[in-house]
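Each chain, written out:
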Amino acid sequence: MAVEVIMPKWGLSMQEGHIGQWLKQEGEEVNEGDELVEVETEKITNVVESPASGILARILYPTGVEVPVTHVIAIITKPGEAVPEIIEPGAAAPEVAAAPQPAAPVEVPVAAAPAGEIRAMPVARKMAKDHGLDLAKINGTGPNGTVTKEDVQRALAEKETPSVRPLRKVSFFSEGHRLDGLLFSPDNVKPGEQRPGVVLCVGYTYLKTMVMPDIAKILNKLGYVALTFDYRGFGDSDGPRWRLMPNEQVNDARAALTFLADQPHVDPERLAVIGISLGGSNAVTVGAVDARIKAVVAIEPMGDGRRWLCSLRRYAEWMDFEDRLAADRLQRVKTGASESVDPHEIAIPDSASKAFLDAVANEFPQMQCKVPLETADALIEYSPESVAHRIAPRPLLLIHGRRDQMVPVEESISLAQAAGPSAQLELIPDMEHFNWVMPNSPGFKQVTDLIVEFLQEKLSAS
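The rules behind the values
Residues numbered from 1 in each chain as written. Predicted model: local features only at pLDDT ≥ 70, side-chain atom pairs only at ≥ 80, totals over all residues. Heavy atoms only, no water. Helix = DSSP H or I, 4+ residues; strand = E, 2+ residues; numbered from the N terminus. Buried < 20%, exposed > 50% of the residue type's maximum accessible area, 1.4 Å probe, protein only. Contact = heavy atoms within 4.5 Å. Areas by Shrake-Rupley, 256 points an atom, 1.4 Å probe, with all protein chains shown as cover. Core = buried A, V, L, I, M, F, W, Y, C linked by side-chain atoms within 4.5 Å. Expected span 1.5 Å × (residues − 1). Salt bridge = Lys/Arg side-chain N within 4 Å of Asp/Glu carboxyl O. Phe/Tyr/Trp six-rings, centres within 6.5 Å; stacked < 30°, edge-to-face > 60°. pLDDT = per-residue confidence, 0-100. Axes fitted to C-alpha atoms, helices over the stretch in contact; angles between N-to-C directions. Left-handed = near helix turned anticlockwise from the far one by under 90°. Pairing = 2+ DSSP bridges. Polar contact = N/O pair within 3.5 Å; in protein donor to acceptor, adjacent residues only side chain to side chain.

This paragraph deals with the overall build of the protein. When helices and strands are counted, the protein shows 11 helices and 18 strands. Per-residue burial over the protein gives 53% buried out of 462 residues. Put simply, of all contacts in the protein between residues at least 6 apart along the chain, 70% involve residues at least 24 apart. Approximately 21,200 Å² of the protein is accessible, and the part contributed by carbon and sulfur atoms is 53%.

Below, the structure written as structure tokens:
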């Protein structure tokens, strides 16, 4: 029985998705769980996986089309099964033209082939038929463009060479926890070629499908391979749910770096790390402790956890918060459990940041979480600026908005001073903590232009 692949609804306000790249082609065999197509919305990029095993018999919408949620975008059938005419319950299939099928090669001698017919040596024709190759797609190097045995052998070799897919859902392990990631690759990687690789670290309670895919695609255009992932306990990764410990996240980022460096099309000698907010703090720490990294970019990072959390509160509030943490430490000793709290009870957002975060949480309920109050203790003890000097002489780019009230600009200034002369500090006048993250915003272009210029100079993709 045919199985419908539908446009998912990833958020409460999501009405349609933009078809990006089809990762499987019509007529190709697929397994349940295979990534079929990249779908973009205003705020996230994710992949739609196959709901069943079989043949991707029909693709109903091409790349670049906006498709309403719940609409059927493809059909999967069993081998030999006919594609049904009605693809939605009670509704006719969209009027989508079927892809043209290549004409079957005509069995005629080379010399007798009519004008416009495919010329092929008999042995080449038989080899192509036996291996399911389309003669029309093979470049003939014989007389008058005749396809020879050697041409078919070359086509077979190219077919057997694994191609680099532009987007691939991946998983790897960090301290025994399976982490879920998205690997973005340029679409022009040649067999045997290696490109620079970049690990992208998301911020406080954020998921891999938000912001980072837009940065990854810009990096792809420059020739870089980019990997973004969910930290343990968040998103699609395994591990204790919503346990947020910065040093554990640093270890996750280092595991991501190891996985990325192991990809055959990645040059392990040209690796960088980019992080946003707390992910930027993690990027600084990873760069300080991992010599494999050749360049570090941190966007709106905090340099010292105690100073940062204290800056978000009045003095009396800080004193009360310390008392609450002391009580929680005693509870953990007695019961083994920490109080679960809204993450913004720890990192208190300013009004503009809160409005943005509330809107995101309403649209994407999967982002709503409770973290242990123990996270605050871990953040207070976390001080990336104490190790930032170890990045030198490797380059560090710090980008911060002067109007950032969630993570004050003084955090990046202090980090730059601690890192020394190898650090480059870029302050953007109108940038707040979140007003730049949408890919169509001026701030996003400012930030990504700085990243591009920095990496092209420090980590050449040539």
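Read on, since the account is not over.
Grouped together as the largest cluster of nonpolar side chains are 127 residues, with contacts concentrated most on Ile73, Tyr206, Leu219, Ile299, Ile399 and Leu455. Tallying contributions element by element places helix α4 (residues 246-261) first for this core, with eight residues. Excluding its chain neighbours within four sequence positions, the residues that come into contact with Tyr206 are Val211, Phe356, Leu357, Val360, Met367 and Phe434.

Moving on: α4. Compared with an ideal rise of 1.5 Å per residue, which puts 16 residues at 22 Å, α4 spans 23 Å between its outermost C-alpha atoms and is within 8% of the ideal. Counting buried positions along α4 yields 12 of 16 residues, so the element is predominantly enclosed. Those residues of α4 not exposed but buried are Pro246, Glu248, Gln249, Val250, Asp252, Ala253, Ala255, Ala256, Leu257, Phe259, Leu260 and Ala261.

This brings us to the pattern of salt bridges. Within the structure shown, the criterion is met by 32 salt bridges. Across the salt bridge formed by Lys208 and Asp180, the nearest N and O atoms sit 3.1 Å from each other. On the criterion of sequence distance, the pair formed by Lys208 in the loop between β11 (195-201) and α3 (212-221) and Asp180 in strand β10 (residues 177-184) is long-range, its members being 28 residues apart. Judged by relative accessible area, Asp180 falls into the buried class, the value being 7%. The residue Arg329 makes a salt bridge to Asp377 at a minimum N-O spacing of 2.7 Å. Linking Arg329 in helix α7 (residues 315-335) with Asp377 in helix α9 (residues 374-380), this pair joins segments that are 48 residues apart in sequence.

Enumeration over the complete set of coordinates arrives at seven aromatic pairs. Aromatic side chains Tyr206 and Phe434 sit 6.5 Å apart centroid to centroid with 20° between the ring planes, which places their arrangement in the stacked category. With Tyr206 in the loop between β11 and α3 and Phe434 in the loop between β18 (423-428) and α11 (442-458), the pair connects residues that are 228 residues apart, well separated along the chain. Given the relative accessible area of 14%, Phe434 is considered buried. A ring pair is formed by Trp436 and Phe444, whose centres lie 6.5 Å apart and whose planes are at 15°; its orientation type is stacked. By the burial criterion, Trp436 is buried, and Phe444 matches it.

When the pLDDT values of the protein are averaged, the result is 88; 90% of them are 70 or greater. Here residues 88-113 scores under 50 on pLDDT; set against residues more than four positions off or in separate chains, the count is 29 contacts.

Looking now at the packing of α4 against helix α5 (residues 278-289). Here α4 crosses α5 at 65°, and the two axes come no closer than 9 Å. The two elements α4 and α5 meet at a crossing, and its hand is right-handed. Together, Pro246, Gln249, Val250, Ala253 and Arg254 of α4 and Leu278, Asn282, Thr285, Val286 and Val289 of α5 make up the contact between the two elements.

Here we come to the sheet that holds β10. Sheet architecture is open: eight strands sit in the order β9-β10-β12-β11-β13-β14-β17-β18, paired in mixed fashion. At either end of the open sheet lies a strand with only one pairing partner, and these are β9 (167-174) and β18. The mean angle between the axes of side-by-side strands here comes to 20°, regardless of whether they run parallel or antiparallel. Bridging between strand β14 (residues 293-299) and strand β17 (residues 396-401) involves four bridges; their strand directions are parallel. Residue Ala298 lies in a different strand from β17, and its bridge partner there is Leu398. Across the face of the sheet, α3 comes into contact with β10, β11, β12 (225-229) and β13 (266-276) while running at roughly 170° to β11. Its contacts with the sheet place α11 against β11, β13, β14, β17 and β18, and it is angled at close to 165° to β14.

Turning next to α5. If you check α5, its first and last C-alpha atoms are 17 Å apart, about what 12 residues at 1.5 Å a residue would give, namely 16 Å. By the criterion of burial, α5 is predominantly enclosed, with 11 of the 12 residues buried. All of the buried residues in α5 are Leu278, Gly279, Gly280, Ser281, Asn282, Ala283, Val284, Thr285, Val286, Gly287 and Ala288.

Here we come to the environment of Thr63. Along the chain, Thr63 turns up in the loop between β6 (54-59) and β7 (66-68). Classification of Thr63 as exposed rests on a relative accessible area of 52%. For Thr63, the contacting residues outside a window of four places in its chain are Ile19, Gly20, Gln21 and Trp22. A polar side-chain atom of Thr63 sits 2.9 Å from the main-chain carbonyl oxygen of Gly20.

Spatial strand order, β5-β4-β2-β7: four strands in an open sheet with antiparallel pairing. With partners counted over all chains shown, the strands left at the sheet margins are β5 (45-49) and β7, one partner each. Ignoring which end each strand starts from, the neighbouring axes of this sheet average 45° apart. As judged from the three bridges shared by strand β2 (residues 16-22) and strand β4 (residues 35-40), these two strands associate in the antiparallel manner. When the bridges of β4 are listed, His18 appears paired with Glu40.

This paragraph deals with the pairing of strand β8 (residues 72-77). The two faces of the sheet receive side chains in turn, since in a regular strand these alternate between them. Counting buried residues in β8 gives six out of six residues, a clear majority hidden from the surface. Judged from the four bridges that link them, strand β1 (residues 3-6) and β8 form a sheet pairing that is antiparallel. Across the sheet, residue Val5 finds its bridge partner in β8, namely Ala74. Note: β6 against β8, four bridges, orientation antiparallel. When the bridges of β8 are listed, Leu56 appears paired with Ile76.

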